[in-house]
Amino acid sequence: MIDDIIFDWDGTLVDTLPFLKETFDKTFEHLGRKTMSYAEIRRVIHENQGVDLFHSVFGARDFFQAKRFFHTYTLRHHLQNLSPLPGAEDILGFCRGQGIRCHIFSNKRGSILRSEVSGLGWEKYFSRICGAGDFSEDKPSPEACCAFWHHETPPKDRILVVGDGPADTEAARFWNCSVVIIDEKKAYIGAEPDYKLQKLMDFIPLLQTMLSVSYTHLTLPT
């Protein structure tokens, strides 16, 4: 049985990479520096999960100014550039119909994350929405993973993580549960997940199979 599914947000349920590229471009231009390609941005984001991304990208001299400009630009424009990935709401509706609790565990700033969920009218689908800055450390640090479950032991056999990056795999490994990676661009770099799908829409058939297998297992005579 699956009681809880913990989703990543950017690149998993919503397509934010084009706007992320735009925001990085604007930040680099503001600082008078050369911009980065899509591939470079994706790489640095995945390589710097759980640490200060801006310090890693912009260095000690510019990181404070870059971080301030980046967040200001994001707050002004992110809701107009929010695009759910195909099948995302169908999946959330399916989970809701099955009585599965859905959550978000993201490294997007928590306040921005919650405003995006609200902007889509998706609050009804989620029990917990946790982002960067909500805890003393961010995903996938052990502190953040513990805090997500209120420092209680998670039900490892009844939860599933769905994401697109190594931080999602690391969080699942810390919780000792299964992880599904959505890897449409075949760009995932990290430990091998339990399941890898090319498209988010492929998740419902997988979930149906998992629920069916669990149900059959539980009803076998002892």
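Criteria and thresholds
Residues numbered from 1 in each chain as written. Predicted model: local features only at pLDDT ≥ 70, side-chain atom pairs only at ≥ 80, totals over all residues. Heavy atoms only, no water. Helix = DSSP H or I, 4+ residues; strand = E, 2+ residues; numbered from the N terminus. Expected span 1.5 Å × (residues − 1). Buried < 20%, exposed > 50% of the residue type's maximum accessible area, 1.4 Å probe, protein only. Phe/Tyr/Trp six-rings, centres within 6.5 Å; stacked < 30°, edge-to-face > 60°. Lys NZ or Arg CZ within 6 Å of the ring centre and 35° of its normal. Core = buried A, V, L, I, M, F, W, Y, C linked by side-chain atoms within 4.5 Å. Contact = heavy atoms within 4.5 Å. Salt bridge = Lys/Arg side-chain N within 4 Å of Asp/Glu carboxyl O.

Colleague: When you look at helix 1 (residues 17-31) in this model, what are you seeing that I'm missing?
Modeller: Every α-helix winds through 3.6 residues per turn, so residues three or four apart in the chain are directed the same way. In this model, helix 1 (15 residues) spans 21 Å end to end at C-alpha, consistent with the 21 Å of a helix rising 1.5 Å per residue. The set of residues buried in helix 1 consists of Leu 17, Phe 19, Lys 21, Thr 23, Phe 24, Asp 25, Thr 27, Phe 28 and Leu 31. Looking one or two residues beyond helix 1, the residue adopting positive phi is Gly 32, at roughly 70°.

Colleague: How do you make sense of the packing of aromatic side chains when you look at a structure like this?
Modeller: Any two aromatic rings considered together are summarised by their centre-to-centre distance and by the angle between their planes. Counting across every chain of the model gives 16 aromatic pairs. Judged by centre distance (6.2 Å) and plane angle (20°), the ring pair of Phe 19 and Tyr 73 falls under stacked. You can see Phe 19 sitting in helix 1 and its partner Tyr 73 sitting in helix 3 (residues 53-77), a full 54 residues away along the chain. With a centroid separation of 5.0 Å and 70° between ring planes, the pair formed by Phe 54 and Phe 70 is classed as edge-to-face. The buried category is assigned to Phe 70, whose relative accessible area is 8%. One aromatic cluster is present, built from ring pairs that chain together Phe 24, Phe 28, Phe 54, Phe 58 and Phe 70. Between Arg 128 and the ring centre of Phe 148, over which it is positioned, the NZ or CZ distance is 5.6 Å.

Colleague: What am I meant to see in the nonpolar core here?
Modeller: Considering soluble globular proteins, one finds that nonpolar side chains tend to be buried as a cluster. Residues Ile 5, Phe 7, Trp 9, Trp 122, Phe 126, Phe 203 and Leu 207 are the most contacted members of the largest nonpolar core, which totals 34 residues. Among the elements of the structure, strand 1 (4-7), helix 4 (88-97), strand 2 (101-109), helix 5 (110-119), strand 3 (126-132), strand 4 (159-163), strand 5 (178-182) and helix 8 (203-219) are those that each provide at least two residues to this core. Examining the composition of this core, we find that six residues originate from one element, helix 8, more than from any other. Aside from chain neighbours lying at most four places away, what touches Ile 5 is Cys 95, Ile 100, Arg 101, Cys 102, His 103, Leu 160, Val 162, Phe 203 and Leu 207. Within the second largest apolar cluster, 16 residues are counted, among which are Ala 144, Phe 148, Ile 159 and Ile 181.

Colleague: Explanation requested: unusual backbone geometry in the structure shown.
Modeller: In this structure, the amide linkage connecting Lys 139 to the following residue, Pro 140, adopts the cis form with an omega of 10°. Position of Pro 140 relative to the elements: it lies in the loop between strand 3 and helix 6 (142-148). The residue His 150 is not glycine, and still its phi comes out positive at about 60°. Checked against the element boundaries, His 150 lands in the loop between helix 6 and strand 4. The phi angle at His 151 is positive, at roughly 60°, despite the residue not being glycine. Inspection of the secondary structure puts His 151 in the loop between helix 6 and strand 4. What makes His 151 exposed here is its relative accessible area of 55%.

Colleague: I would appreciate a short explanation of the pattern of salt bridges in the present structure.
Modeller: Oppositely charged side chains may form a pair once their charged atoms are brought near each other. Counted by the stated rule, this structure contains twelve salt bridges. Glu 184 serves as the salt-bridge partner of Lys 199, at 3.5 Å between the closest nitrogen and oxygen. Taken together, the positions of Lys 199 in the loop between strand 6 (195-197) and helix 8 and Glu 184 in the loop between strand 5 and strand 6 put the pair 15 residues apart, joining distant regions of the chain.

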